[in-house]
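The primary structure of each chain is shown beneath.
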Amino acid sequence: MSFTVPEPCVSRLNRCELAVPGSSPHMFEKAAKSDADAIFLDLEDAVAPNDKEQARKNIIEALNDIDWGDKVMSVRINGLDTHYMYRDIVDVVEKSGERLDLIMIPKVGTASDVYAIDMLVTQIEAATGRKKKIGFEHIIETALGMQNIHEIAAASKRNESLHFGVADYAASTKARTTSIGGPNPLYGVLTDPAEDESRDFHWGDMWHYAIARMVVAARANGLRPIDGPFGDFSDPDGYIAHGNRAAILGCEGKWAIHPKQIPLANDIFTPAEKEVAKARRILEAMEKAQAEGAGAVALDGRLIDIASIKQAEALVNQADIIAA
Ligand code: GLV
Ligand code: MG
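Heads up: these notes are all about the structure in this document. Nothing here was measured: the structure is a model prediction, and the numbers come from that model.

1. Some points on the coordination of the magnesium ion (ligand 2)
Argument step 1. Summarising the metal site, the magnesium ion (ligand 2) is bound by the protein donors Glu141 (OE) and Asp168 (OD), whose distances to it range over 2.0 to 2.1 Å. Of the two residues, Glu141 is situated in the loop between β5 (135-140) and α5 (143-147) and Asp168 in helix α7 (residues 166-173); the sequence distance between them amounts to 27 residues.
Argument step 2. According to the relative accessible area criterion, Glu141 is buried, its value standing at 2%.

Spelled out as structure tokens, the structure:
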């Protein structure tokens, strides 16, 4: 182990993060009663310029008046390149009371972006005597943000999660997409004719690099990596496939842009009972091995070692948080 140990951020369940436009208050009550772990009320891209001011008012009222239960509540502010941003922060943080948990920062590009918002939020918290410190979630969705992802992840003690914003990322990198977060049939490889005469075509995951890089930056800084939107809400199989590959790479959750996607995300990011039972058996076997002075041990014909314990502990931990 390095002498540097990443400090984990505040622990929160983040399996499904539901996006709700601030300009659609009729959706708020239903969202509050949904099974999403987290909700972000949007002031950014789901809200038309003429509706921004009213959306801000709707969100402030909703955070004060609606019973959101134990959901993690976030507000996605407008980008730092817009004049909406300062008032989003000032009004929302000053007037939303303690129910606001997080601010979601879209299109974050540099560590200085995070610093600027941290300064503003810190001043408002001090001036209003807010008791609970607001956390930050950052959407990595530009080439600049991806270039500076490690500095962004380390830029503030308020940081809690990094999110992959595939739609804007595609626009920023000029990637050729066919649907938000989905695959492109042209992104693939043909098998080698020397080995396979029929030359099968294998679709590839064009977002693999971006998600894997985000997972590394998040984990190296004690943050949660979260996969962003999957636009085709009429394609549950596509959502499940994309959510699974993000989960397998280390993501803790995925956005839902439609209520239909909530149970899918919860299912993908809840460890299966079978996996949890196996993890508990690994922990028991290792405990026994350690008591007997052994460093590694076999279970069901496979080697388990110290790294296996850490994986098993993480799984059991997550299962316990979900069950609590
Ligand atoms: C999310 O904001 C995205 O651009 O995908
Ligand atoms: Mg975006």
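2. Quick look at empty space enclosed by the protein
Argument step 1. Within the structure shown, the criterion is met by one cavity of 30 Å³ or more.
Argument step 2. In this structure, the largest cavity encloses a volume near 60 Å³.
Argument step 3. Taken together, Phe164, Val166, Gly181, Trp207, Ile211, Asp227, Gly228, Pro229, Phe230, His242, Arg245 and Lys254 make up the lining of the largest cavity.
Argument step 4. Residue composition of the lining of the largest cavity, by class: six nonpolar, three polar and three charged.

3. Quick notes on the site of ligand 1
Argument step 1. The full set of residues close to ligand 1 is Arg76, Glu141, Gly165, Val166, Ala167, Asp168, Pro229 and Trp255.
Argument step 2. Here an oxygen atom of ligand 1 sits 2.9 Å away from a polar atom, N or O, in the side chain of Glu141.
Argument step 3. The backbone of Asp168 places a nitrogen or oxygen atom 2.9 Å from an oxygen atom of ligand 1.
Argument step 4. Across the complex, the protein chains shield 94% of the 190 Å² of accessible surface that ligand 1 would expose by itself.
Argument step 5. The greatest single-element share of the shell around ligand 1, amounting to three residues, is contributed by α7.
Argument step 6. Broken down by class, the residue content of the shell around ligand 1 amounts to four nonpolar, one polar and three charged.

4. A look at the pattern of salt bridges
Argument step 1. Summed over the entire model, instances satisfying the criterion amount to 23 salt bridges.
Argument step 2. Between Asp101 and Arg99 there is a salt bridge whose closest N-O contact spans 3.1 Å.
Argument step 3. The exposure class assigned to Asp101 is buried, which follows from its relative accessible area of 6%.
Argument step 4. A network of salt bridges, in which partner residues are shared, links Arg12, Arg99, Asp101, Lys132, Glu160 and Arg224.

5. Brief notes about the packing of helix α11 (residues 273-291) against helix α12 (residues 306-323)
Packed helices, taken two at a time, are described by the angle their axes make and the gap between the axes.
Argument step 1. Contact geometry for α11 and α12: axes closest at 9 Å, N-to-C directions at 135 degrees. Put simply, α11 runs oblique to α12. Considering how the two elements wind past one another, α11 and α12 form a crossing that is left-handed. Of the residues in α12, those in contact with Glu275, Val276, Ala279, Arg280, Ile282, Leu283, Met286 and Gln290 of α11 are Ile306, Ser308, Ile309, Ala312, Glu313, Leu315, Val316, Ala319 and Asp320.
Argument step 2. In terms of residue class, the contact of α11 with α12 is made up of 11 nonpolar, two polar and four charged.

6. Digging into the sheet that holds strand β3 (residues 72-76)
Argument step 1. Read around the barrel, eight strands follow the order β1-β2-β3-β4-β5-β6-β9-β10 and close on themselves; strand pairing throughout is parallel. Each neighbouring strand pair of the sheet contributes to a mean axis angle of 25 degrees, computed without reference to strand direction.
Argument step 2. Bridging between strand β1 (residues 16-21) and strand β2 (residues 38-42) involves five bridges; their strand directions are parallel. When the bridges of β2 are listed, Leu18 appears paired with Ile39.
Argument step 3. Contacts from helix α9 (residues 236-249) reach β9 (224-227) and β10 (253-256), with the element oriented near 150 degrees to β10.

Calculation criteria
- Residues numbered from 1 in each chain as written.
- Chains lettered and ligands numbered in written order.
- Predicted model: local features only at pLDDT ≥ 70, side-chain atom pairs only at ≥ 80, totals over all residues.
- Heavy atoms only, no water.
- Donors = N, O, S within 2.8 Å, 3.2 Å for Na, K, Ca; no water.
- Helix = DSSP H or I, 4+ residues; strand = E, 2+ residues; numbered from the N terminus.
- Buried < 20%, exposed > 50% of the residue type's maximum accessible area, 1.4 Å probe, protein only.
- 1 Å grid on protein atoms, 1.4 Å probe; cavity = no way out; pocket = protein on both sides within 12 Å on 5 of 7 lines; lining within 4 Å.
- Points joined across faces, edges and corners; volume = space filled by probe spheres on them.
- Nonpolar A, V, L, I, M, F, W, Y, C, P; charged D, E, K, R; others polar.
- Near = heavy atom within 4 Å.
- Polar contact = N/O pair within 3.5 Å; in protein donor to acceptor, adjacent residues only side chain to side chain.
- Areas by Shrake-Rupley, 256 points an atom, 1.4 Å probe, with all protein chains shown as cover.
- Salt bridge = Lys/Arg side-chain N within 4 Å of Asp/Glu carboxyl O.
- Axes fitted to C-alpha atoms, helices over the stretch in contact; angles between N-to-C directions.
- Parallel < 35°, antiparallel > 145°, perpendicular 65-115°, else oblique.
- Left-handed = near helix turned anticlockwise from the far one by under 90°.
- Contact = heavy atoms within 4.5 Å.
- Pairing = 2+ DSSP bridges.

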